Amino acid sequence: MVPRRTSPPRADRTSSAIVPWMLKAKGVPKGKVKLLVDSKEQIRLAWERDSQGTKGFPLNTSYLFLDLESQLMGRKPRKIRSIPYPKVPTRLSDILPEEVVQRVHEYLYEQPFEDALAEVHSADTANASLERLKNTIETALEVRHFGDEALPAPRGNWLHRQLLGIITAVAPEKVTDSEMVELFDHFCPCGIEHNREAIKKFRWRHSRRQIGKPPVG
Ligand SMILES: [Zn+2]
């Protein structure tokens, strides 16, 4: 059904026709297909506004994906947190909740937080792991205080994790790796061609653990 890719991403107008058809064939309701199809241009614009994720944390893109995911899953959009501390902090966890530390760590290092903790326990990995945790805690303090703006620019797969999030929201488990490549080629503004092996590995890692959720919110 989906031809093997042997050439660069197909022309836009071809995938524009294939993508809605493919999503409908997966049983995705009409309204959600429309929402997804319309999001392509929004994603591109947000990513462009965030200077392709090179300058700092891609706030516009991040909020767009949060919003899309909520809509696709039929949840109310999350409010952006504007007041960092609800009350006068009296203990460390008030200004540095473990949840924020976890998420910041997973954002910075694309590694499950529990794995980082386990590595502290092993003599071989303790030093490197402690170094990463120190950096994580410093960044997490700033994120908790100033918001996501305090985060550095994302590493390679951040954008792909967001995309995978919205695709999974409408068609969990139903999309084959080749189809996923089609969808990434269609929606992803990263400018790099997506290949099946990489997508397959990436999906596997992602399904192992949900990492890459936004650090705050
Ligand atoms: Zn991409």
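Every value quoted in this text rests on a predicted model; they were computed, and no experiment measured them.

Caption draft 1: Main features of the overall build of the protein. Per the secondary structure count, the protein includes 10 helices and zero strands. When the helices and strands of the protein are listed from N to C terminus, the series reads α-α-α-α-α-α-α-α-α-α. Across the 217 residues that make up the protein, the buried fraction comes to 28%. Across the protein, contacts joining residues at least 24 apart in sequence account for 66% of those joining residues at least 6 apart.

Caption draft 2: Spotlight on the confidence of the model for the protein. Of the residues in the protein, 84% reach a pLDDT of 70 or more, and the chain-wide mean stands at 85. Mean pLDDT per element in the protein: helix α1 (residues 12–25) is the minimum at 80, and helix α7 (residues 126–146) is the maximum at 96. Here residues 5–10 scores under 50 on pLDDT; set against residues more than four positions off or in separate chains, the count is five contacts. Across residues 211–217, where pLDDT falls below 50, the model places 27 contacts with residues more than four positions away in sequence or in other chains.

Caption draft 3: How the structure looks around the nonpolar core. Leu-23, Leu-163, Ile-166, Ile-167, Val-170, Leu-183 and Phe-184 are the most contacted members of the largest nonpolar core, which totals 25 residues. Looking at this core, the elements that each hand over two or more residues are α1, α2 (30–49), α3 (59–72), α8 (158–170) and α9 (177–187). Looking at this core, the element that brings in the most residues is α8, giving six residues. Discounting chain neighbours no more than four positions away, the residues touching Leu-23 are Val-28, Val-33, Leu-36, Val-170 and Ala-171.

Caption draft 4: Just unusual backbone geometry, in detail. Positioned with a positive phi, Ser-51 is a non-glycine residue whose angle comes to about 50 degrees. Here Ser-51 is to be found in the loop between α2 and α3. Positive phi outside glycine occurs at Glu-110, with the angle close to 50 degrees. Looking at the element boundaries, Glu-110 is found in the loop between α5 (98–109) and α6 (113–120).

Caption draft 5: Geometry of the packing of α3 against α8. The interhelical angle for the contact between α3 and α8, taken along N-to-C directions, is 10 degrees, at an axis separation of 9 Å. In terms of axis orientation, α3 runs roughly parallel to α8. Residues Thr-61, Phe-65, Leu-68, Glu-69 and Leu-72 of α3 pack against Gln-162, Gly-165, Ile-166, Ala-169 and Val-170 of α8. For the contact of α3 with α8, the residue count by class is six nonpolar, three polar and one charged.

Caption draft 6: Quick look at the environment of Arg-49. Within the fold, Arg-49 resides in helix α2. Judged by C-beta crowding, with 13 C-beta atoms within 10 Å, Arg-49 ranks as partly exposed.

Caption draft 7: Spatial organisation of the environment of Lys-200. Following the sequence through the fold, Lys-200 ends up in helix α10 (residues 196–208). We classify Lys-200 as partly exposed; it has 15 C-beta atoms within 10 Å. C-alpha of Lys-200 to C-alpha of Met-180: the two residues are 20 residues apart in sequence and 8.7 Å apart in space.

Caption draft 8: Representation of the packing of α5 against α7 within the structure. Packing of α5 against α7 leaves a shortest axis separation of 9 Å and a crossing angle of 115 degrees. As for how α5 packs across α7, the hand of that crossing is right-handed. Here Val-100, Val-101, Val-104, His-105, Leu-108 and Tyr-109 of α5 come into contact with α7, specifically with Arg-132, Asn-135, Thr-136, Ile-137, Thr-139, Ala-140, Val-143 and Arg-144.

Reading the values: the criteria
- Residues numbered from 1 in each chain as written.
- Predicted model: local features only at pLDDT ≥ 70, side-chain atom pairs only at ≥ 80, totals over all residues.
- Helix = DSSP H or I, 4+ residues; strand = E, 2+ residues; numbered from the N terminus.
- Buried ≥ 20, exposed ≤ 12 C-beta atoms within 10 Å, placed from the backbone.
- Contact = placed C-beta atoms within 7 Å.
- pLDDT = per-residue confidence, 0-100.
- Core = buried A, V, L, I, M, F, W, Y, C linked by C-beta atoms within 7 Å.
- Axes fitted to C-alpha atoms, helices over the stretch in contact; angles between N-to-C directions.
- Parallel < 35°, antiparallel > 145°, perpendicular 65-115°, else oblique.
- Nonpolar A, V, L, I, M, F, W, Y, C, P; charged D, E, K, R; others polar.
- Left-handed = near helix turned anticlockwise from the far one by under 90°.

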